[in-house]
Each structure stands twice: as C-alpha cells, then as structure tokens.
Amino acid sequence: MIFLVLAALTALPSLSSDVYLPALPDVANTFTTTAVVVQLTLTSCLIGMALGQLAVGPLSDRLGRRRPLLGGMLLYTAASLACALAPTVGALIGLRFIQGVAGAAGIVIARAIIRDLYEGVKIAQVFSTLMLISGVAPVIAPLFGAQLLHVTDWRGIFAALAILGLVVVAAITLGLPETLPAAMRRTRGVGLAQMRSLLTDRVFTGCLIAAAGAFGAFFAYLAASPFVLQDLYGASPQTYALLFGLNAAGMVATGQLNGRYLIRRFPVHTIVTAGLGLLLLASLAMLALATGLLGHVGLPALCAVLFVLVSSLGLLIGKPTPLP
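Residues numbered from 1 in each chain as written. Predicted model: local features only at pLDDT ≥ 70, side-chain atom pairs only at ≥ 80, totals over all residues. Heavy atoms only, no water.

With respect to helix H3 (residues 35–63)
The first and last C-alpha atoms of H3 sit 41 Å apart over 29 residues, in line with the 42 Å expected at 1.5 Å per residue. Largest kink in H3: about 30°, centred on Gln53. (Helix = DSSP H or I, 4+ residues; strand = E, 2+ residues; numbered from the N terminus. Expected span 1.5 Å × (residues − 1). Bend = angle between axes of the 7 residues up to and from the residue.)

Here is the structure:
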C-alpha cells in the first residue's frame, strides 16, 4: 500500500502538467486569448512546483511527513476543482500556480519517505522503480487527456485531477503511517547554509546550468507543441497525444540506456557532453524549420526533429548512477 501511494505521488507532477496539453488550444478558444497567454497556465504550475519544493521539504523535516503531505494533497484537490471552474484565463493562471505549489508536497515528501523507510541497495531499487514510473507517466498522461476530450472538455480534465487528488488523500489517510519519528525531526533551520554551500560549488553550479538548459528546452516543447502540431499542422488532440507519447518514450528509452549501459562504460562528463551536443543540433534544426530556412516541411520531418530533441534529454536528466 505504501509503495502504491508513493507511485501515485511520483506520477502526479507529470499528470498535472501533461494531461491537459492536448486541450491547450481549446483553453485558448474558451477564453478568446492567444497561445502565449494560455502557455502561462503551464508556466505558473511549474513555477509553483519549484517554489513549493523549497518550502515543503524543510516543513516536512520539522512537522513529519503525514501532515504536510495531507495538507498539500487537500490543497491540490481544491485547486484542481477551482481550475475546472475558472471564470477567466487570469484566474486559471493563478490557480495553476497554487496547484503546482500543492503538488510539490508529493514530489518532495515521497522521496523523503523512501529515505525514512529504506537503506542501502533497497533505496536504489525503490528509486529506480519510481523513476521508471515518472518516465512512463508523461507518455500516459496526454493519451489519457486526449481520450477524456472525447467525453468532456478541458474543464472536465481538471475535474478528473480533483478526483485523483481525493483518491490520493484517501490512500494517504488509510495506508500511509508517519515515517519520521518526532525524535528525528529538525527543530530549527531550513537548510539555507547547505543551499549556499551548493551554489558556491563550481561543479554543482555547472551541472545545474546544464540541467536548467535541458529542462528549459523540454518545457518550451511542452508549451509550444500543442499549438504547433494542432493549429499549424492540423493534428487532432488524439494524434498529438500519440506523437507526444512517442517522444516521451524516446526520452525514457535513452534514460534507461544511460542508466543501464552508458554510465557503466563512459565517464559522466562524456555522456553529458554528448547529450548537450545532440540537444544543440536538434535545437538548431528546429530553429531552421521555424524560420523557414529549409522551406516548408511536412509533419513527418518536424516530428523527426522533435523526437531527436526530446530523446536527447534522457542523457541529461536521466538517472545519474547505474541501476542495480
């Protein structure tokens, strides 16, 4: 039961950000606004997730795991329902930020619970399984969202996320005990000294900048691809979801190749350099397509470049150590 809860919490970020991607053009039509404005609903959710992690991690070290996790998931459920009822695009942007902040509780605390419960090789095994789930979730989420669009609209997708939030709250209540004893909780401080120490480490900051660039490319793809593929190339939401799933599968495959084979045979910096080089080449090819330097290209050529671009990220944001 505990592992199922952790699996749900691990998949939740991808579901929150990816499940409604096929519906982004419909959101723009509902509020009679531009793609750029609607893309802010994704941006605000991701910013909320990032900031929420900085707060909820230290909070769970002080209060234990259950209370912050239940509070975060209850807020996530309420925010998802509010998103379904949002009267304006501005309200949706703000509510998505709150949804992201609340969803951060699952991201951080799920990993903290693993550290509370397991040691040694078992930690690596559990993390490997959960990372596989986090890799598969982006493949499934848009497919699920596209199928929901057969019976509902984008508001119904957020209602489905609210129902999922309620299921997670019930599972935590019934099947997840407190894993951090009171004697082991942090009574003061929020780890700012450790953060400063990391940010002054040249190796860490170099890897941070490289990872930030990779994630930046990925999130640009997330925000723009629904409009490019559906509005410009005429793909249906279901076709878009299939193409998105194919690209996500490519990223998962290269991540698994990295974790199971490459990292055992090549230095990490060699793999990262190769991944960045492949990402740069694919990005330059995408720029050439977008500016018309290669003339008008069809959907297959565009999808091929996108596949290479997204798959290269598996070398950069995949598991950094060998799988057991």
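This is not the end of the story, as more comes after the structure.
Considerations on unusual backbone geometry
If you check the backbone angles, Thr32 has positive phi at about 50° while not being a glycine. With respect to the secondary-structure elements, Thr32 resides in the loop between helix H2 (24–31) and H3. Residue class for Thr32 comes out exposed when judged on its relative accessible area of 72%. (Buried < 20%, exposed > 50% of the residue type's maximum accessible area, 1.4 Å probe, protein only.)

Thoughts on the packing of helix H5 (residues 89–117) against helix H7 (residues 154–175)
Relative to each other, H5 and H7 sit at 20°, their axes nearing to 14 Å. With respect to each other, H5 and H7 are oriented roughly parallel. Crossing handedness for the pair H5 and H7: left-handed. Within the contact between the two elements, H5 uses Leu92, Arg96 and Gln99 and H7 uses Trp154, Phe158 and Leu161. (Axes fitted to C-alpha atoms, helices over the stretch in contact; angles between N-to-C directions. Parallel < 35°, antiparallel > 145°, perpendicular 65-115°, else oblique. Left-handed = near helix turned anticlockwise from the far one by under 90°. Contact = heavy atoms within 4.5 Å.)

Here's the deal with the confidence of the model for the chain
Chain-level statistics for the chain give a pLDDT mean of 84 and a share of 93% at 70 or above. Predicted confidence in the chain is weakest over helix H8 (residues 192–199), with a mean pLDDT of 70, and strongest over helix H4 (residues 66–84), with 94. Overall, residues 319–324 carries pLDDT values under 50, and its contacts beyond four positions in sequence, including any with other chains, amount to 17 contacts. (pLDDT = per-residue confidence, 0-100.)

Considerations on empty space enclosed by the protein
Rolled over the atoms, a probe with the dimensions of a water molecule shows which regions are left empty. Inspection of the entire model under this criterion finds one cavity of 30 Å³ or more. Pro138, Phe218, Tyr221, Phe244, Asn247, Ala248 and Val310 are the residues that line the largest cavity. Elements with a minimum of two residues in the lining of the largest cavity: helix H9 (202–232) and helix H10 (237–265). When residues of the lining of the largest cavity are assigned to their parent elements, the largest contribution, three residues, is made by H10. Split by residue class, the lining of the largest cavity holds six nonpolar, one polar and no charged. (1 Å grid on protein atoms, 1.4 Å probe; cavity = no way out; pocket = protein on both sides within 12 Å on 5 of 7 lines; lining within 4 Å. Points joined across faces, edges and corners; volume = space filled by probe spheres on them. Nonpolar A, V, L, I, M, F, W, Y, C, P; charged D, E, K, R; others polar.)

A few points about the nonpolar core
Counting residues in hydrophobic clusters, the biggest one holds 75 residues, and the most contacted among them are Leu69, Met73, Leu92, Phe158 and Ile172. Sort the elements by how many residues they give to this core and H5 lands first, with ten residues. With residues up to four places along the chain from it excluded, the contact list for Met73 reads Leu9, Leu12, Ala102, Gly103, Ala105, Gly106, Val168, Val169 and Ile172. (Core = buried A, V, L, I, M, F, W, Y, C linked by side-chain atoms within 4.5 Å.)

Some thoughts on the packing of aromatic side chains
Within the structure shown, the criterion is met by eight aromatic pairs. Look at Phe215 and Phe219: their rings are 5.9 Å apart centre to centre, the planes differ by 25°, and that puts the pair in the stacked class. Taken together, the residues span about one helical turn, with Phe215 and Phe219 both in helix H9 at a distance of four residues. A residue is classified by how much of its surface remains accessible, and Phe215, at 34% relative accessible area, is partly exposed. Relative to Phe219, the ring of Phe218 has its centre 5.7 Å away and its plane inclined at 50°; by these criteria the two rings are tilted. Through a chain of ring-to-ring contacts, the aromatic side chains of Phe215, Phe218, Phe219, Tyr221, Tyr240 and Phe244 assemble into a single cluster. (Phe/Tyr/Trp six-rings, centres within 6.5 Å; stacked < 30°, edge-to-face > 60°.)

Re the environment of Ser225
On the secondary structure map, Ser225 appears in helix H9. For the pair Ser225 and Tyr240, spaced 15 residues apart in sequence, the C-alpha to C-alpha distance is 8.5 Å. What Ser225 contacts, discounting residues up to four positions off in sequence, is Gln230 and Tyr240. Within the structure, the side chain of Ser225 is placed 2.7 Å from the backbone oxygen of Tyr221, a separation counted as a polar contact. Here Tyr240 takes part through its side chain, which lies 3.0 Å from a polar atom of the side chain of Ser225. (Polar contact = N/O pair within 3.5 Å; in protein donor to acceptor, adjacent residues only side chain to side chain.)

What about the layout of surface pockets?
Its volume calculated, the second largest pocket comes out at about 420 Å³. Considering the residues around the second largest pocket, the lining is formed by 19 residues, among which Val228, Met286, Ala290, Leu302 and Leu306 are closest to the centre. Among the elements of the structure, H9, helix H11 (268–290) and helix H12 (299–312) are those that each provide at least two residues to the lining of the second largest pocket. Residue composition of the lining of the second largest pocket, by class: 15 nonpolar, four polar and no charged.

Let's talk about a nonpolar patch on the surface
A contiguous nonpolar patch, built from Ile47, Leu51, Leu54, Leu75, Phe97, Ile98 and Val101 and spanning about 550 Å² of accessible area, is present on the exposed surface. Of all elements in the fold, only H3 and H5 reach the threshold of two or more residues within the nonpolar patch. Inspection of the secondary structure assignment puts Leu75 in helix H4. (Patch = residues over 30% accessible without salt bridge, like charges linked within 9 Å, V, L, I, M, F, W, Y side chains within 5 Å. Areas by Shrake-Rupley, 256 points an atom, 1.4 Å probe, with all protein chains shown as cover. Salt bridge = Lys/Arg side-chain N within 4 Å of Asp/Glu carboxyl O.)

Let's talk about the pattern of salt bridges
Taken as a whole, this structure holds two salt bridges when the rule is applied. A salt bridge links Asp61 to Arg65; the nearest nitrogen and oxygen atoms lie 3.0 Å apart. Judged by its relative accessible area of 24%, Asp61 is partly exposed. Using a relative accessible area of 6% as the deciding quantity, one classes Arg65 as buried. The closest approach of N and O atoms between Arg65 and Asp116, which form a salt bridge, is 2.7 Å. Taken together, the residues span a long stretch of sequence, with Arg65 in the loop between H3 and H4 and Asp116 in helix H5 at a distance of 51 residues. Counted as one network, the salt bridges with shared partners bring together Asp61, Arg65 and Asp116.

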